[in-house]
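Architecture and fold: a report
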Amino acid sequence: MTAPKTLYDKIWDAHVAHEADDGTTLLYIDRHLVHEVTSPQAFEGLRMNGRKVRAPEKTIAVPDHNVPTTEGRDTYIENEESRIQVEALDRNAREFELVYYPVSDIRQGIVHIVGPEQGWTLPGMTVVCGDSHTATHGAFGALAHGIGTSEVEHVLATQTLIQKKSKNMKVEITGKLRPGVTAKDITLAVIGETGTAGGTGYVIEYCGEAIRDLSMEGRMTVCNMAIEGGARAGLIAPDEKTFDYVMGRPHAPKGAQWEAALAWWKTLYTDEGAHFDKVLTLKGEDIAPVVTWGTSPEDVLPITASVPSPSDFEGGKSEAVKRSLDYMGLTPGTPLDQVEIDTVFIGSCTNGRIEDLRAAAAILKGKKVKDGLRAMVVPGSGLVRAQAEEEGLADIFKEAGFEWRLAGCSMCLAMNPDQLSPGERCAATSNRNFEGRQGRGGRTHLLSPAMAAAAAITGRLTDVRELM
Amino acid sequence: MDKFEKITGVAAPMPLINVDTDMIIPKQYLKTIARTGLGKSLFDEMRYDDDGNEIESFVLNQPAYRNAEILVAGDNFGCGSSREHAPWALKDFGISCVIAPSFADIFYSNCFKNGILPVILPQEQVDVLMKDAEKGANARMTVDLENQTITTSEGESFGFEIDAFKKHCLLNGLDDIALTLEKGAAIDAFEANVNQQRPWV
């Protein structure tokens, strides 16, 4: 009898193409997602060395970071550098014959939303992309993580990655969530517990009743931010919800292959008694709607709390808190729900899926965005956008006073025209509140789509439960 | 790739925790399609004011540290985005060794692809190196990869751990892709097997 394995162990073992005596492994990569920002140097490297893309049919390219989210972008992108990168991806995708969704294609969107939507991401796969939020795909029980550009080149040329195995960490969320608490609150609350380096060196498996109860969209939100806790990847064992989500997608297996795939996918769970190097357990009912107050995703508190003081922390963190409160323009002791905001951003690979838009629209229905506040919704893909229009969500957003944009990364990282100005304070459903992340001097508070909608109505950070 | 064997040079102190890759190289500089030329934008938002003038108090703007080759930093250096532009910017500036109590995973692997040595040491030892770095340009530190040691300007020495394969590649400036292509037969065999067992992939 073999020793009990974790889900991570099983996926890892199924992808070892070569292992050296010291454990250095060539891990076979099933899906390689490519976007315009971290790939041009990799393709250039291939050309310089006369190398080809080994598996173009497993390499999926889509522009997302740089693209404007306003009409007309499929004919011309005004920013020259952005245009050059998008054109370079176009050229590379065509020359190397990759699977490709250009800006003009309705299936275009954020790479981590397009992959699952098109059925490229499947349980038990290895998925990489030159983007740290590749962890998103872990929601399907796929081992998915971000890589640098040199590794992008390595995967393009060899369809493998040189890896050493990470350690196993289990994050269990027991019981039920309370009303108003979402997947975003779970993932932020976990980072609040572990810190941004708590997961370094680990692959996290999220489990427990509260995780099982989440939809696939919610699970993607949880795994998306595994990297914010320092983990290489986040994983959730596939189950009936996963199979239902995958079935019938354009690139999901069909017929006999579906049956064979399903039989294997059903073996993808952590065996009883398997070893975890680290375990964190949170009670679902203890998690509140949360917001971040600082410039690190670990700076998380329930919306009912107040801005902390540097003296609440020790060592280097105390200094860091002083710096971030200064940057954020916040005074210790201020109740978080009194913090006034200028802007609301709903979107990103963390919260740009249909369910996120539904959650925000449910709060906004029949209400108006506070006077003077800028509010935008950026669907994660052209198909999410179309579905939201069909469901009437777009009308709710527009009637409330939100801008209804085209798909892309938008204000999550401000590489496109959607940016904050210095001092502008934003309630954002994205994933990073780093200094300057959404624009130089911009101030970011991370929260769930429902909480973002609530903040749009009141003009301040708001406990969504007051509006439910 | 550039080799890294041994350097003796100025170390810049940066006692901040959680230095993220957005800080190391902000997003507007990711629009390049080259690997070079990012050094002048390294730590852009901390280094320059809104008008593009140097902020005097920032460590790399101080005369003693303008030619720093080593950076001594706080916990969790390089967290956040996977952008390899971060090590490219460090390298282009002239920094080829970063010492910290811990690094984020992706940044750590990216360093090795670019001839940069990331060294992990316990906080107490990093504190000693930080103090040494604060002495300025006359205090030169030595980083010796072959012997896995760091020696302060006072002659105090600390050993560090490093993965043997990564060390080998860095010492010899080896190209990962060429190494992997030598194992092409193993990849072919694996792929053939997967095509049988998991044809939907």
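On a predicted model such as this, the values are computed, not experimentally measured, just so you know.

So, how was this worked out
Residues numbered from 1 in each chain as written. Chains lettered and ligands numbered in written order. Predicted model: local features only at pLDDT ≥ 70, side-chain atom pairs only at ≥ 80, totals over all residues. Heavy atoms only, no water. UniProt positions renumbered as here; feature names shortened; annotations may be inferred. Buried < 20%, exposed > 50% of the residue type's maximum accessible area, 1.4 Å probe, protein only. Contact = heavy atoms within 4.5 Å. Helix = DSSP H or I, 4+ residues; strand = E, 2+ residues; numbered from the N terminus. Pairing = 2+ DSSP bridges. Axes fitted to C-alpha atoms, helices over the stretch in contact; angles between N-to-C directions. Domains from an automatic or database assignment. Buried area = accessible area lost by both parts, 1.4 Å probe. Salt bridge = Lys/Arg side-chain N within 4 Å of Asp/Glu carboxyl O. Polar contact = N/O pair within 3.5 Å; in protein donor to acceptor, adjacent residues only side chain to side chain. Nonpolar A, V, L, I, M, F, W, Y, C, P; charged D, E, K, R; others polar. Phe/Tyr/Trp six-rings, centres within 6.5 Å; stacked < 30°, edge-to-face > 60°. Parallel < 35°, antiparallel > 145°, perpendicular 65-115°, else oblique. Left-handed = near helix turned anticlockwise from the far one by under 90°.

Section: the UniProt feature "binding site: [4Fe-4S] cluster" (unreviewed entry) in chain A
All names here are of chain A. Here, the residues flagged by UniProt with the feature "binding site: [4Fe-4S] cluster" (unreviewed entry) are Cys349, Cys409 and Cys412. These residues run over 64 residues, yet every pair of their C-alpha atoms falls within 8.8 Å of each other. According to the relative accessible area criterion, Cys409 is buried, its value standing at 7%. Setting aside anything within four residues of it in sequence, one finds Cys409 in contact with Asp64, His65, Ile110, Phe345 and Asn416. Note that Cys412 resides in the loop between β17 (403–404) and β18 (425–428). Judged by its relative accessible area of 5%, Cys412 is buried. Excluding its chain neighbours within four sequence positions, the residues that come into contact with Cys412 are Phe345, Ser348, Ser430, Asn431, Arg437 and Gln438.

As for the side chain of Thr134 of chain A
Inspection of the secondary structure assignment puts Thr134 of chain A in the loop between β6 (126–129) and β7 (143–146). Residues in contact with Thr134 of chain A, not counting those within four places in the same chain, are His112, Val127, Val128, Cys129, Ala144, His145 and Gly146 of chain A.

A look at the sheet that holds strand β2 (residues 25–28) of chain A
All names here are of chain A. With antiparallel pairing, three strands are arranged side by side in an open sheet as β1-β2-β8. Here the strands that pair on one side only, and so sit at the sheet edges, are β1 (16–19) and β8 (160–163). For this sheet the average axis-to-axis angle between neighbouring strands, irrespective of direction, equals 20°. In this structure, β1 lies alongside β2, joined through three bridges in antiparallel fashion.

Focus on the domain arrangement of chain A
It is common to give the size of an interface as the accessible area lost on bringing the parts into contact. All names here are of chain A. Assigned domains of chain A: these are domain 1 (7–165 + 240–263), domain 2 (167–238 + 270–286) and domain 3 (294–466). Summarising the inter-unit geometry, the C-alpha centres of domain 1 and domain 2 are found 24 Å apart. In this assembly, 26 residues from domain 1 lie in contact with 26 residues from domain 2. Both sides of the domain 1 and domain 2 interface together cover about 2,100 Å² of buried area, and 60% of this is carbon and sulfur. Remark: the boundary between domain 1 and domain 2 carries one salt bridge. For the salt bridge of Lys10 with Asp271, the shortest nitrogen-to-oxygen distance reads 2.9 Å. On the surface where domain 1 and domain 2 come into contact, there are eleven residue pairs in polar contact (both at pLDDT 80 or more). Breaking the side of domain 1 that touches domain 2 down by element, the ones donating at least two residues are α1 (7–13), β7 and α9 (240–246). Element by element, the count of residues in the side of domain 1 that touches domain 2 is highest for α1, at five residues. Classifying every residue of the side of domain 1 that touches domain 2 gives 13 nonpolar, nine polar and four charged.

Structural notes on the packing of aromatic side chains
Per the counting criterion, the structure on display carries 17 aromatic pairs over all chains. When the centroid spacing of 5.9 Å and the interplanar angle of 15° are considered together, the rings of Phe397 of chain A and Trp404 of chain A count as stacked. A relative accessible area of 0% means that Phe397 of chain A is categorised as buried. Considering the side-chain rings of Phe43 of chain B and Phe58 of chain B, the 5.8 Å spacing of their centres and the 55° angle between planes classify their relative orientation as tilted. Of the two residues, Phe43 of chain B sits in the loop between α1 (21–24) and α2 (44–47) while Phe58 of chain B sits in the loop between α2 and β2 (70–73), which places them 15 residues apart along the sequence. By way of ring pairs, the aromatic residues Phe243, Trp258, Trp264 and Trp265 of chain A together with Trp200 of chain B are connected into one cluster.

Brief notes about the packing of helix α13 (residues 354–364) of chain A against helix α14 (residues 382–390) of chain A
All names here are of chain A. Across the interface, α13 lies against α14 with an axial gap of 9 Å and an inter-helix angle of 40°. Taken together, the axes of α13 and α14 are oblique relative to one another. Crossing hand, α13 versus α14: right-handed. In contact with Ile354, Leu357 and Arg358 of α13, α14 contributes Val384, Gln387 and Ala388.

A word on the sheet that holds strand β4 (residues 117–120) of chain B
Residue and element names in this part refer to chain B. Strand order in the open sheet made by the seven strands is β4-β3-β2-β1-β5-β6-β7, with mixed pairing throughout. In the strand order of this sheet, the two ends are held by β4 and β7 (157–159), each with one partner. Adjacent strand axes in the sheet meet at a mean angle of 25° when their direction is disregarded. In terms of strand pairing, strand β1 (residues 6–14) meets β2 through four bridges, oriented parallel. In the sheet register, Pro13 faces β2, and the bridge partner there is Val72. In the packing of helix α5 (residues 123–133) onto the sheet, contacts are made with β1, β2, β3 (97–100), β5 (140–144), β6 (149–151) and β7, and the angle to β2 comes to roughly 125°.

Focus: unusual backbone geometry
The phi torsion at Gln159 of chain A lies on the positive side, around 60°, for a residue other than glycine. Locating Gln159 of chain A in the fold gives a position in the loop between α5 (149–158) and β8.

Here's the deal with the pattern of salt bridges
A full pass over the atoms with the stated rule returns 39 salt bridges over all chains. Close ionic contact of Asp175 of chain B with Arg51 of chain A constitutes a salt bridge, the shortest N to O distance being 3.3 Å. Here Arg51 of chain A lies in the loop between α2 (40–48) and β4 (59–61) and Asp175 of chain B lies in the loop between α6 (164–172) and α7 (176–181), a pairing that spans two chains. Two residues, Asp90 of chain A and Arg94 of chain A, come together in a salt bridge whose shortest N-O distance is 2.9 Å.

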